[in-house]
Amino acid sequence: MSSGQDVSLAERLETVRAGISDAAKDAGRSAADITTIVVTKFHPASIVRELAALGVRDFGESRHQEARSKVAEVADPELVWHFVGQVQGKKARQIAEYARVIHSLDRESLVQALSDSVPPVECFIQVNLTEDPTRGGIEPSLVLPLAERVLESTGLRLLGVMAVAPLGSEPRHAFARVRGASELLRTVAPEAVAISAGMSGDYREAVLEGATHLRIGTAITGNRPIAG
Ligand SMILES: *Cc1c(COP(=O)(O)O)cnc(C)c1O
């Protein structure tokens with residue numbers, strides 16, 4: 001790890017933290033109510049250690065094999081791992097072994113698969129804001145029935161809703177829809193107040209629409225290395 005690289009990682013982290021506090025101020029919110037998850041997919045364990053040394057505690061991954069080995073390699077019990085990618089049914093239980101939070105719960109079979117997790121897995125119901133069912137997430141009208149299943153399960157603790165803003169659309173508009181889904185969810189789950197929304201390019205708009213959890217990759221880590 002060269003010191004030049006350390007400086008730029010620290011600088012990018014600082015820039016994003018400042019951007020989040022500006023957005024929070026403009027929204028009349030406290031930055032302390034916003035959790036920043038640094039998404040380290042495709043990056044080696046070493047970047048996680050460098051970020052941990054800079055005070056980052058929450059990390060996100062989207063591919064199970066990679067995540068599992070990275071978590072084991074970093075082996076830092078202070079860190080909280082968030083799984084943000086699509087969950088394959090047969091991997092759900094394995095993911096719950098290292099991820100405290102799963103952001104991408106989007107079907108009843110996953111509730112089943114995770115129903116006896118101890119301690120309960122914290123989860124977000126992912127809402128799909130596109131017309132494309134392969135993008136992950138459930139259509140907004142199906143959030144309530146799925147939430148009811150989650151609330152019945154002792155293996156899951158529902159935190160709120162999660163979404164990715166569709167490419168090519170105005171992010172503020174997309175995040176306003178997520179806020180609507182959150183309000184609807186709270187009619188059946190008053191404690192599920194969290195909103196996981198906002199990435200490198202649109203976290204400001206997400207904060208303005210009430211996001212409590214930001215999932216930020218490249219703006220902090222720099223470009224992802226080519227997969228391989
Ligand atoms: C990769 C990823 C992110 C982070 O994306 P950036 O644009 O690099 O900030 C956030 N959420 C999910 C679901 C992702 O897969």
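Just so it is clear, the structure is predicted and the values come from calculations on it, not from any experiment.

Across its full length, the chain carries nine helices and eight strands. Here the C-alpha atoms of the chain give a radius of gyration of 17 Å, agreeing with the 17 Å that 2.2 N^0.38 yields for 228 residues. Counting only C-alpha atoms and orienting by the principal axes, one finds that the chain spans roughly 50 × 40 × 30 Å. A fraction of 56% describes how many contacts in the chain between residues 6 or more apart in sequence connect residues 24 or more apart.

The next thing to look at is the UniProt feature "domain: Alanine racemase N-terminal" (unreviewed entry) in the chain. In this structure's numbering, the residues bearing the UniProt feature "domain: Alanine racemase N-terminal" (unreviewed entry) are residues 46–225. With 39% helix and 18% strand, residues 46–225 has end C-alpha atoms that lie 13 Å from one another.

Counting 62 residues, the largest nonpolar core has L51, I125, L158 and L214 as the members making the most contacts within it. The biggest single contributor to this core is helix α1 (residues 3–26), with six residues. Not counting residues up to four positions away in its chain, the partners in contact with L214 are I20, I34, T35, T36, I37, A197, G198, Y203, A206 and V207. Of all hydrophobic cores here, the second largest spans five residues; its members include V101, F124, L159 and M162.

Quick look at the UniProt feature "modified residue: N6-(pyridoxal phosphate)lysine" (unreviewed entry) in the chain now. When the UniProt feature table is mapped onto this chain numbering, "modified residue: N6-(pyridoxal phosphate)lysine" (unreviewed entry) sits at K41. Checked against the element boundaries, K41 lands in the loop between β1 (35–39) and α2 (45–53). Sequence-distant contacts of K41, that is, excluding residues within four places in its chain, are made with G60, E61, S62, E66, K70 and R224.

In the vicinity of the ligand, the residues found are V39, K41, V84, M199, S200, R215, I216, G217, T218 and R224. Between the ligand and T218 there is a distance of 2.9 Å, counted from an oxygen atom to a backbone nitrogen or oxygen. Bound to the protein, the ligand loses 86% of the 390 Å² it would expose on its own. When the residues that make up the shell around the ligand are grouped by side-chain class, the tally is four nonpolar, three polar and three charged.

Buried residues of helix α3 (residues 64–74): H64, E66, A67, K70, V71 and V74, and no others. Buried positions in α3, seen along its axis, are confined to an arc of 155 degrees and lie on one side of it. Seen from the open side of α3, the exposed residues pointing more than 90 degrees away from its buried face are Q65, A72 and E73. A75 lies just past α3 and shows a positive phi near 45 degrees.

With that out of the way, let us pick up the packing of helix α6 (residues 143–152) against helix α7 (residues 171–188). Put simply, α6 and α7 touch, their axes get as near as 10 Å, and they point 45 degrees apart. With respect to their mutual orientation, α6 and α7 come out oblique. Where α6 crosses over α7, the two elements pack in a sense that is right-handed. Packed against α6, whose contacting residues are V143, L144, A147, E148 and L151, the element α7 presents L184, L185, T187 and V188 at the interface. For the contact of α6 with α7, the class distribution of residues is seven nonpolar, one polar and one charged.

Parameters and conventions
- Residues numbered from 1 in each chain as written.
- Predicted model: local features only at pLDDT ≥ 70, side-chain atom pairs only at ≥ 80, totals over all residues.
- Heavy atoms only, no water.
- Helix = DSSP H or I, 4+ residues; strand = E, 2+ residues; numbered from the N terminus.
- Rg over C-alpha atoms; globule rule 2.2 N^0.38 Å.
- Contact = heavy atoms within 4.5 Å.
- UniProt positions renumbered as here; feature names shortened; annotations may be inferred.
- Core = buried A, V, L, I, M, F, W, Y, C linked by side-chain atoms within 4.5 Å.
- Buried < 20%, exposed > 50% of the residue type's maximum accessible area, 1.4 Å probe, protein only.
- Near = heavy atom within 4 Å.
- Polar contact = N/O pair within 3.5 Å; in protein donor to acceptor, adjacent residues only side chain to side chain.
- Areas by Shrake-Rupley, 256 points an atom, 1.4 Å probe, with all protein chains shown as cover.
- Nonpolar A, V, L, I, M, F, W, Y, C, P; charged D, E, K, R; others polar.
- Arc of directions from axis to C-beta.
- Axes fitted to C-alpha atoms, helices over the stretch in contact; angles between N-to-C directions.
- Parallel < 35°, antiparallel > 145°, perpendicular 65-115°, else oblique.
- Left-handed = near helix turned anticlockwise from the far one by under 90°.

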